[in-house]
Amino acid sequence: LLKGSAKVSAAIFRDTIQPGKTASLQVDFHKGLGKKISYNKPYNKRYPAQKDSTLVNGYRGSLTYGDGQWQGFTNDLDIVLDLSKAEDLQSLSMGSMQLTGPGVYMPAYVEVSLSDDGQTFGKALQMENDIPVTQSRLTFRDFRFDLKGQKGRYIRIYAKNAQHGFMFTDEVIVY
């Protein structure tokens, strides 16, 4: 049984000889895995990735936003993750990418807030982006929040799209 993050590798053998390459995949087993996400603002229809399951499917995106694991937004990201029961929460992270040539930017900031009922959310934790919009090379950033054992069933994540280009997000990881 795997817990947390792991790199899973597999290969095919014929008579003890490996005819092909080893395949590897980074997976994350966390409290949000497979849970329901509600989108207060929709993802872009051109980059739906795995649709509503993308951000909690356990898979991180690769080096390209066209890999089916990066979900694209042209408006602000505003989602609510339902953990199905109140949980003691230690941390949350959300991956983002920037590649300014095709108009892909980091969010200006990301906010995380918790709720027991899905209606009233507590004070949001906010993290500003520190990657300049002038940085044109492919860049990745995980926005990581220390939740310090707070309890909650619902997690609202809001990311501000200040550049009005694309924001791409992969796995939301909750421990």
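Residues numbered from 1 in each chain as written. Predicted model: local features only at pLDDT ≥ 70, side-chain atom pairs only at ≥ 80, totals over all residues. Heavy atoms only, no water.

A. Inspection of the nonpolar core at higher detail. By size, the foremost hydrophobic cluster in this structure holds 28 residues, and its most contacted members are L77, I79, L92, F145, I155, I157 and V172. Breaking this core down by element, the ones donating at least two residues are β3 (36–39), β5 (77–98), β6 (109–115), β8 (139–159) and β9 (167–174). With 7 residues, β5 is the single largest residue contributor to this core. Y47, Y65, M97 and V104 belong to the second largest nonpolar core, which has 7 residues in total. (Core = buried A, V, L, I, M, F, W, Y, C linked by side-chain atoms within 4.5 Å. Buried < 20%, exposed > 50% of the residue type's maximum accessible area, 1.4 Å probe, protein only. Helix = DSSP H or I, 4+ residues; strand = E, 2+ residues; numbered from the N terminus.)

B. Inspection of the pattern of salt bridges at higher detail. Throughout the structure, instances matching the rule amount to 10 salt bridges. Where D76 meets K160, a salt bridge forms, and the shortest distance between an N and an O atom there is 3.5 Å. Of the two residues, D76 is situated in the loop between β4 (71–73) and β5 and K160 in the loop between β8 and β9; the sequence distance between them amounts to 84 residues. By relative accessible area, which is 8% here, D76 ends up buried. Measuring nitrogen to oxygen at the nearest pair gives 3.6 Å for the salt bridge that ties K151 to D88. One end of the pair, K151, is in strand β8; the other, D88, is in strand β5, with 63 residues separating them in the sequence. Relative accessible area serves as the criterion here: at 41%, D88 is assigned to the partly exposed category. Here the salt bridges do not stand alone but share partners, grouping R60, D142, R144 and D170 into one network. (Salt bridge = Lys/Arg side-chain N within 4 Å of Asp/Glu carboxyl O.)

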